[in-house]
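Report on the structure
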Amino acid sequence: MSRNNIEKVRKYLDESFDSTEYSDQDDSDVDPDFSLQSSRQDSLSRAGPSHTNTGSDTSNESFEVSSSDSDNNDYNNANNNGNDDQWYENWEDIPDFQFDSSMSGIKLNIPDSARDNPLEIFDMLWTREITDMVVSSTNNYGVKLTSQSRPHKKNCRIAEFKKVDGEEINTFLAICLLSGSMKFSVIRDMFSYNPLYYHPIIPRTMSGRRFEQILRCFSVEYYDTEKVNSTNDPIKKIEPILKKLINNFQLAYIPYECLSLDESLLLHRGRLLFRQYMRLKKARYGIKFFELCTPDGFVLNMEMYKGKREEIQVGSTSKINSLVFRILEAFLDKGHTVFMDNYYNSISLSRELLNRKTHTTGTLRSNRKGNPKCVTTKKLKSGEYIWRRQENIYVSKWKDKRDIVISDNYKVPSTAFIIQKSIRK
């Protein structure tokens with residue numbers, strides 16, 4: 001190849017590569033070190049084929065690489081950290097909001113018979129109202145599909161939809177839950193008498209053809225034909241039932257002081273506009289949820305990631321702060337303590353939540369806007385630490401094998417200040 005052709009190829013490759021479309025940060029559970037924009041291309045070559053969006057194996061895939069950097073361009077600013085003059089090396093008491101735990105705990109009236117029949121507890125969360133909503137919507141959608149698919153041959157199975165009732169919908173959902181613990185190559189294998197796939201319960205409960213017909217018409221969007229959601233919300237088809245379930249979760253259990261805010265990934269490998277790829281999660285591909293949970297894992301509130309879109313800002317100028325306030329809306333001004341990872345945590349968020357009588361504790365990214373430079377840029381040896389305070393917010397950095405930065409405004413001082421206080425005494 002001539003020198004002129006080589007120069008043309010290099011120029012084309014340099015122009016076609018856009019480093020802003022790639023991010024090697026796909027999971028908030030990892031505390032990344034800040035890397036300059038010029039080093040993004042080097043990280044691309046180290047990432048391997050699992051991070052490359054080109055090639056025949058992924059050309060037909062529809063997913064987004066979960067990128068904290070792309071979601072937080074207005075949230076991160078490594079060159080605009082807080083003024084060190086406002087950070088002090090003395091400690092002050094953090095206000096105690098006196099959380100009232102007298103009303104906390106399970107609010108369901110659970111009978112003793114539920115010990116032998118857990119279905120009674122399930123019926124308290126998945127109420128009759130939700131079942132009726134699913135039955136009505138499935139029947140309406142089934143009639144709509146059959147009316148749109150005409151003409152049919154004589155005795156065609158899809159010529160008429162046999163309406164379902166509450167008992168049949170519960171049977172359908174039970175088969176779906178049971179099939180989740182087994183592996184089948186196709187749906188019809190669940191109802192097969194082949195010894196490799198045979199299950200004694202499923203074929204005796206429902207026929208394969210009826211299951212496929214209900215699966216085709218299963219819906220929660222058309223339970224009220226006069227109130228069909230015509231918005232462009234990506235989750236409008238499941239939004240009615242999702243809101244009902246979240247409301248039942250919050251009525252069933254009032255949490256104690258400590259709450260946990262994190263993400264989860266629901267496995268999904270089909271075509272979906274807002275499907276996420278997170279290489280450090282077990283599922284790797286799926287639907288991302290932001291969840292507020294109790295320490296023992298009970299879900300209090302959740303929000304599904306809908307892709308990059310314009311969102312209404314609530315109480316702050318940051319999308320992440322707005323997300324946190326939406327999820328915590330029902331639990332603010334009560335004295336809760338929220339534990340979160342570095343995806344959410346920041347100095348501005350801690351300050352805003354403290355004004356709403358909510359403590360926060362969690363890891364902190366070193367490139368967050370407002371961080372103290374004297375802490376984030378300090379070179380530490382293994383076992384060393386440094387901390388600073390601004391108003392009632394403490395930022396500490398400790399090194400074991402790598403640097404760990406923590407932001408804290410909990411009423412009990414973190415380890416760094418306890419050690420510092422004991423040394424001075």
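The paragraphs below set out a description of the structure included in this document. (Residues numbered from 1 in each chain as written. Predicted model: local features only at pLDDT ≥ 70, side-chain atom pairs only at ≥ 80, totals over all residues. Heavy atoms only, no water.)

1. What about the nonpolar core?
Keep this limit in mind: The criterion is simple. A nonpolar core is a set of buried Ala, Val, Leu, Ile, Met, Phe, Trp, Tyr and Cys residues joined through side-chain atoms within 4.5 Å. Only protein chains enter the calculation, and the probe is 1.4 Å; a residue is then buried if its accessible area is under 20% of its type maximum, exposed if over 50%, and partly exposed in between. Only runs of H or I of at least four residues qualify as helices and only runs of E of at least two qualify as strands under DSSP, and these elements are numbered from the N terminus. The contact definition used throughout considers only heavy atoms, calling two residues in contact when any of these lie within 4.5 Å.
Trp126, Ile169, Phe211 and Ile241 are the most contacted members of the largest nonpolar core, which has 25 residues in total. Every element with two or more residues in this core is listed here: helix H5 (128-148), helix H6 (166-179), helix H8 (208-217) and helix H9 (239-252). If near-sequence neighbours (up to four positions away) are discounted, Ile169 is found in contact with Val134, Val135, Thr138, Val164, Ile214 and Phe218.

2. Observations concerning H5
Worth spelling out the cut-off: To estimate how far a helix should extend, the number of its residues minus one is multiplied by 1.5 Å.
When the terminal C-alpha atoms of H5 are compared, their 30 Å separation across 21 residues agrees well with the 30 Å that a helix rising 1.5 Å per residue should span. Turning to H5, its buried residues number three or more, namely Ile130, Thr131, Met133, Val134, Val135, Ser137, Thr138, Asn139, Gly142, Leu145 and Thr146. Buried residues belonging to H5 abut helix H4 (119-125), H6, H8 and H9.

3. Quick word on the pattern of salt bridges
We apply this condition: The salt bridge definition used is simple: a Lys or Arg side-chain nitrogen within 4 Å of an Asp or Glu carboxyl oxygen.
A complete count under the given rule lists eleven salt bridges for this structure. In this structure, the salt-bridge partner of Arg388 is Glu89, at a minimum N-O distance of 4.0 Å. Of this pair, Arg388 sits in strand S10 (residues 385-390) while Glu89 sits in the loop between helix H3 (68-71) and strand S2 (105-106), and the two are 299 residues apart along the sequence. Accessibility expressed as a relative area gives 17% for Arg388, which makes it buried.

4. A short note on the pairing of strand S11 (residues 393-399)
Rule in force here: We treat two strands as partners when DSSP finds at least two bridges between them.
Burial runs high along S11: five of the seven residues are buried. Here S10 pairs with S11 via six bridges, running antiparallel. By the bridge assignment for S11, Trp387 is matched with Ser396. What sits between the antiparallel neighbours S10 and S11 is a turn of two residues, in which Glu391 has the positive phi angle 55°.

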